[in-house]
Amino acid sequence: MAIDENTVRKVARLARIALPEARVKPMVSELNGILAWIEQLNEVDVEGVEPMTSAVPDAKLPMREDKVTDGNDPAKVLANAPKAEDGFFVVPKVVE
Amino acid sequence: MTELTSLTLAAALDGLAKKEFSSAEITDAFLKAIAAANPKLNAYVVVTEKKARAMAKASDARRAKPKAKLGALEGAPLGIKDLFCTEGVRTTACSNILGEFTPTYESTVTANLWNAGAVMLGKLNMDEFAMGSSNETSRFGPVVNPWRRGNADDRLTPGGSSGGSASATAADLCLAATATDTGGSIRQPAAFTGTVGMKPTYGRCSRWGIVAFASSLDQAGPIAKTVEDAAIMLQSMSGHDPKDSTSLPAKVPDFRKACARGVKGLTIGVPREYRADGMAPEIEALWEKGVEWLKAAGAKVKPISLPHTKYALPCYYIVAPAEASSNLARYDGMRYGARVTGKDLLDSYEKTRASGFGEEVQRRIVIGAYVLSAGYYDAYYLRAQKVRRRIADDFRAAFADVDAVLTPATPSAAFALGEKGGDPVEMYLNDIFTVTANLAGLPGISVPAATDARGLPLGLQVIGRALDEETVFAVGAALEQAAAFKARPQAWWS
């Protein structure tokens with residue numbers, strides 16, 4: 001399953017990374033190198049094997065009581081905002 | 001009193017307890033050593049001098065009180081990998097995308113250390129978002145290994161991603177350091193710098209407040225000068241945390257005590273699949289020496305088989321980038337970090353992420369997005385998760401017969417900065433012996449055991465059962481004792 005230039009452009013778009021045209025070709029060859037190496041996983045017999053989704057065996061996610069444990073600290077929340085005003089994040093216009 | 005910096009953590013704690021010196025004195029010695037060495041080694045990206053002095057003073061004041069209630073790390077100056085959020089101290093994961101991000105909260109692991117009385121010297125350099133094996137992907141430039149090849153002055157990598165933690169510990173710029181390990185990022189740099197690196201069981205340390213890379217693999221641990229020091233560090237770093245739902249509600253045993261257990265009656269497995277084709281003869285010889293040492297110390301050694309070993313790295317390079325592409329989606333330049341404003345919202349996202357992420361991080365995000373995308377999910381991601389189960393099952397079967405597994409830590413000694421640049425896969429192969437423990441969630445330690453022909457350190461790795469760090473420490477300490485590794489880098493940096 002080799003990747004072509006259009007796939008790289010499409011996936012970079014999905015990942016929201018502006019890929020300069022000059023990086024497309026090198027990225028194609030780097031990704032194909034990595035994917036070719038990964039192909040060896042096809043040799044493994046995985047028939048009937050449950051996918052492993054967690055490194056913690058048989059762990060059920062713990063549930064906590066549904067109550068507010070923190071909050072009411074807008075100054076802390078906004079402390080690292082690139083742009084903030086009157087207790088809000090300021091972001092580029094979303095709706096025309 | 002510069003010799004204070006060369007103490008082990010255990011000896012320093014002892015000296016502090018006996019009031020042979022104060023925390024202010026040893027902290028001052030480290031700050032002076034850092035000021036002299038950092039321009040050459042680039043291990044620290046932030047030195048928190050004021051905070052360090054204040055914390056040391058507070059520790060001395062606690063100790064001066066009658067009936068003082070003291071912590072297990074009281075007054076000990078430590079370095080912190082830049083992946084741990086530290087309140088009021090810039091934390092960037094050594095990525096441009098985090099700009100001047102200054103957390104308003106403290107990670108659980110570092111909070112545990114401060115509660116135990118430790119002193120923070122500063123933040124340590126690392127590969128960007130912990131993605132790398134040579135520290136060359138850091139926004140602040142690479143860390144330099146204090147070790148050199150004989151008399152040659154080539155700058156060598158300290159390994160990665162915890163290269164700053166390893167270099168600082170090896171060069172006596174902290175008593176010990178925090179680090180993290182997703183595929184080998186504690187153990188490989190420890191092996192490259194003649195230090196001890198311990199990755200505990202997944203879930204032993206809370207991940208809360210640690211910048212996420214691959215959440216099902218990331219685990220914090222220490223880099224230290226000795227096995228006992230690593231045990232002391234891990235003791236304070238560990239513990240259940242309700243803020244991390246994958247943190248294990250398990251009792252933390254006495255790790256330091258376990259170091260003295262010895263290996264009599266233990267059975268150690270030697271996995272034949274780790275004998276990789278083209279293994280350097282020095283590595284193979286060291287591995288055999290390790291077997292002899294453990295036999296001489298009273299352990300039984302037997303060959304075992306971990307048949308899916310060769311699939312671990314390719315499996316990792318699907319699972320880790322997939323999780324990374326999902327975790328790193330949060331960096332959109334809107335709520336924190338550096339924003340690049342484009343012509344509209346989408347353009348802002350794309351420009352922000354293109355300028356904020358380095359090449360290796362971008363590559364992994366794109367791979368991750370690809371293996372998770374419609375039409376490829378089953379062929380790549382789902383298959384990798386099944387192979388991961390096979391790898392974990394290999395270990396489970398092996399641990400029915402053996403108490404721990406002995407392997408080399410790395411396929412080579414430290415290489416030169418810039419030596420491995422062209423082919424990403426070549427760099428990835430650094431983690432060939434370490435990555436299995438991450439996939440299976442098992443504890444693993446790297447212990448310095450010998451030097452190669454050019455005088456560079458080499459490490460042995462011990463992998464144990466889940467939540468059995470005690471045996472890992474016991475075997476690690478036995479190797480350390482038998483190896484009697486006393487080599488030190490020449491202090492060309494001070």
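Cut-offs used in this document
The numbers attached to residues start from 1 for each chain and follow its sequence in the written order. Key to labels: chains lettered from A, ligands numbered from 1, both in the order written. Side-chain atom pairs in this predicted model are given and counted only at pLDDT of 80 or more, local residue features only at pLDDT of at least 70, and totals for whole chains, interfaces and linings cover all residues. Helix and strand assignments follow DSSP, with helices taken as H or I runs no shorter than four residues and strands as E runs no shorter than two, numbered in order from the N terminus. This radius of gyration counts C-alpha atoms alone. The globule rule is 2.2 Å times how many residues there are, raised to the power 0.38. Exposure classification rests on a simple neighbour count of other C-beta atoms within 10 Å of a residue's own: a residue reaching 20 or more is buried, one at 12 or fewer is exposed, and one in between is partly exposed. C-beta atoms are placed from the backbone. With C-beta atoms placed from the backbone, a contact is any residue pair whose C-beta atoms sit within 7 Å. Where each domain begins and ends is defined by an automated method or by a domain database. Ten residues, namely Ala, Val, Leu, Ile, Met, Phe, Trp, Tyr, Cys and Pro, are considered nonpolar, four, namely Asp, Glu, Lys and Arg, are considered charged, and the remaining ones, Gly among them, are considered polar. Put simply, a nonpolar core is a cluster of buried Ala, Val, Leu, Ile, Met, Phe, Trp, Tyr and Cys residues tied together by C-beta atoms within 7 Å.

K.L.:
Looking at this structure, I do not really get the overall build of chain B. What am I missing?
P.N.:
Along the backbone of chain B there are 16 helices and 11 strands. For 494 residues, the compact-globule estimate of 2.2 N^0.38 gives 23 Å, and chain B sits close to it at 21 Å. Counting only C-alpha atoms and orienting by the principal axes, one finds that chain B spans roughly 65 × 55 × 50 Å. When each of the 494 residues of chain B is scored for burial, the buried share is 62%. Taking the contacts inside chain B whose residues are at least 6 apart along the sequence as the reference set, 77% of them involve residues at least 24 apart.

K.L.:
What should I look at first to understand the domain arrangement of chain B in this one?
P.N.:
The accessible area lost on association of the parts is a frequent measure of interface size. All names here are of chain B. Along its sequence, chain B is carved into domain 1 (2-261) and domain 2 (311-383). Counting residues at the interface gives 20 residues for domain 1 and 18 residues for domain 2. For the side of domain 1 that touches domain 2, the class distribution of residues is 9 nonpolar, 9 polar and 2 charged.

K.L.:
Got a minute to help me understand the interface of chain A and chain B in this structure?
P.N.:
The partner chain B presents 55 residues to the 39 residues of chain A that form the contact. Secondary structure elements with two or more residues in the side of chain A that touches chain B: α1 (5-14) and α2 (21-38) of chain A. With 7 residues, α2(A) is the single largest residue contributor to the side of chain A that touches chain B. Of the residues contributing to the side of chain A that touches chain B, the split by class is 29 nonpolar, 5 polar and 5 charged.

K.L.:
Just checking my understanding: could you explain unusual backbone geometry for this structure?
P.N.:
A negative phi angle characterises most non-glycine residues, just as the trans form characterises most peptide bonds. Cis rather than trans, the peptide bond between Gly160(B) and Ser161(B) has omega equal to 10 degrees. Along the chain, Ser161(B) falls in the loop between β3 (119-124) and α5 (163-170). The backbone of Asn72(A) shows a phi angle near 55 degrees, a positive value even though the residue is not glycine. Of note, Asn72(A) is situated in the loop between α2 and α3 (74-78). Its identity as a non-glycine residue notwithstanding, Phe129(B) has a phi of 55 degrees, on the positive side. Tracing the sequence through the fold places Phe129(B) in the loop between β3 and α5.

K.L.:
Please clarify how the environment of Ala409(B) should be interpreted in this entry.
P.N.:
All names here are of chain B. Summarising the element assignment, Ala409 is placed in the loop between β9 (404-408) and α14 (424-428). Spatially, the C-alpha atom of Ala409 lies 35 Å from that of Arg353, the residues being 56 residues apart in sequence. Setting aside chain neighbours within four positions, we find Ala409 in contact with Arg187, Gln188, Ala191, Phe433, Thr434, Ser446, Gly459, Leu460 and Gln461.

K.L.:
Quick question: what am I supposed to make of the nonpolar core here?
P.N.:
It is characteristic of soluble globular proteins that their nonpolar side chains tend to be buried jointly. Residue and element names in this part refer to chain B. Ranked by size, the top nonpolar core spans 174 residues in total, and within it Leu78, Cys315, Ile318, Val366, Ala404 and Val475 carry the most contacts. Tallying contributions element by element places helix α10 (residues 312-327) first for this core, with 10 residues. Looking at which domains feed residues into this core, each of domain 1 (2-261) and domain 2 (311-383) supplies at least three. Setting aside residues up to four positions removed in sequence, Val475 forms contacts with Val263, Leu266, Ile268, Leu294, Ala404 and Val462.

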